[in-house]
Amino acid sequence: MDTGMDAGGAGRSPMRPPRLDGTGRRRFSLFVIGDVRIEVRAALDVRFGEVTADRLCYGPARALVAGTAVNLARCAVARFRRVSVLAKVGDDEFTPVIRRELRRIGARDRLRVEPGAPNGVTVMVRDRPAGGGPGVRLLVAEQDAPGRRLTESEVRSAAGAIRRADVLVLDGYSLLSPVSRAALRAAAEAARTAGTAVAFDLVPHDIDARLAAADVLPVLSAADVVFAEAPTLARLLGRGVPAGADEVRALARALDGAVAGRPLWLLRFGPTLLERVLAYQREGLSMEYGTGYRDGDARAGFGDRLAACELYWWLSSR
């Protein structure tokens, strides 16, 4: 059962109708900065541990335009009146494909092209589920992708559009490069000076193994909304991984002392970290709700649908 106290006007769970599938009344404008790549996805009929030699496997496989920015935009267009995507992309045969996909989904193309550079490619392979689990995902991402070189000046050239948006969405992949990290900070600064809300998606989920907490927590302090898997935040704070809702609530209270500001924390937890959310804000909202995710549901895209739903719900409650 969904429970919560309404101290900020958002007492109803975002999982109430129309739930994850969009709304008949599209409102608000969303500006997202992140990765745009070509991604190959495949599913195996074997477990990774069973592969001890070269093997040919037939199974579902496809190539698509993906990455954190376009993945969220693809879901957000069902709710938001205007969705804009700013990303650094390459200059090859895939660039027109990327632009066509943004047009197809109805997102505004604010891409920056790096002349002569190839587009980033990601390969995602998921093995056969074991028991009731979803299987293990292996994600191979090209490290030197153009997104790592989105510059502060390129972001500042889009500052007007950022200021006109209702919410700016950023993510942790931009923190992994000094160049894109400066661009992220410039975007957040432009948003905050104009009163545009800032949402931050704490990915990759092992960011605690890639960056020190001192490189991550100040960015969270500048956000109005933070999406995060509870174990990721726990590790960043040097705490044990929470087991169950009570420990997730204790983690949320610990965030009050570790992170300045009053972001709304949307903490994912549960058996696969998709089933439950604790929405928590210091001296404000405290609500736990189910997402509707069940064993056997497609994992790819679920988190982005959930985030778009929650952002729309939060903006509607302000």
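Preceding this paragraph is the structure being described.
Below or above, wherever it landed, is the structure these notes cover. (Residues numbered from 1 in each chain as written. Predicted model: local features only at pLDDT ≥ 70, side-chain atom pairs only at ≥ 80, totals over all residues. Heavy atoms only, no water.)

Description of the overall build of the protein
Point 1. Secondary structure summary: the protein contains nine helices and 16 strands in total.
Point 2. Here the C-alpha atoms of the protein give a radius of gyration of 19 Å, agreeing with the 20 Å that 2.2 N^0.38 yields for 318 residues.
Point 3. Taken along the three principal axes of its C-alpha coordinates, the protein extends 55 × 50 × 40 Å.
Point 4. Across the 318 residues of the protein, 50% fall into the buried class.
Point 5. Pairs at least 24 residues apart make up 70% of the contacts formed inside the protein by residues separated by at least 6 positions.
Point 6. Roughly 14400 Å² of accessible area belongs to the protein as shown, and the carbon and sulfur atoms make up 50% of that amount. (Helix = DSSP H or I, 4+ residues; strand = E, 2+ residues; numbered from the N terminus. Rg over C-alpha atoms; globule rule 2.2 N^0.38 Å. Buried < 20%, exposed > 50% of the residue type's maximum accessible area, 1.4 Å probe, protein only. Contact = heavy atoms within 4.5 Å. Areas by Shrake-Rupley, 256 points an atom, 1.4 Å probe, with all protein chains shown as cover.)

What about the packing of helix H1 (residues 68-76) against helix H2 (residues 95-105)?
Point 1. Contact pair H1 / H2: the axes reach a minimum separation of 9 Å and the direction vectors enclose 20°. It follows from the interaxial angle that H1 and H2 lie roughly parallel. Every pair of crossing elements has a handedness; the one defined by H1 and H2 is left-handed. Contacts from Val70, Ala73 and Arg74 of H1 reach H2 at Glu101, Leu102, Arg104 and Ile105. (Axes fitted to C-alpha atoms, helices over the stretch in contact; angles between N-to-C directions. Parallel < 35°, antiparallel > 145°, perpendicular 65-115°, else oblique. Left-handed = near helix turned anticlockwise from the far one by under 90°.)

Quick notes on the nonpolar core
Soluble, globular proteins show a tendency: their nonpolar side chains are buried together.
Point 1. Leu30, Val36, Phe80, Val85, Val167 and Leu266 are the most contacted members of the largest nonpolar core, which totals 50 residues.
Point 2. In contact with Val167, other than residues within four places in its own chain, are Ser29, Leu30, Phe31, Phe80, Thr196, Ala197, Ala199, Leu311 and Leu315.
Point 3. Formed by 47 residues, the second largest nonpolar core is a distinct cluster that contains Leu170, Ala183, Ala188 and Leu278. (Core = buried A, V, L, I, M, F, W, Y, C linked by side-chain atoms within 4.5 Å.)

Comments concerning the side chain of Glu288
Point 1. On the secondary structure map, Glu288 appears in strand E16 (residues 286-290).
Point 2. Glu288 gets classed as buried once you look at its relative accessible area, which sits at 14%.
Point 3. Looking at Glu288, its side chain comes within polar contact range of the side chain of Arg249, at 3.0 Å.
Point 4. Only 3.1 Å separates the side chain of Glu288 from the side chain of Arg276, close enough to count as a polar contact. (Polar contact = N/O pair within 3.5 Å; in protein donor to acceptor, adjacent residues only side chain to side chain.)

Observations regarding helix H6 (residues 213-221)
Point 1. Here H6 has its buried residues at Val216, Leu217, Val219 and Leu220. End-on view of H6: buried residues confined to an arc of 160°, all on one side of the axis.
Point 2. Contacts made by the buried residues of H6 are with helix H5 (178-194), strand E12 (197-201), strand E13 (225-229), helix H7 (230-236), helix H8 (245-258) and strand E14 (264-269). (Arc of directions from axis to C-beta.)

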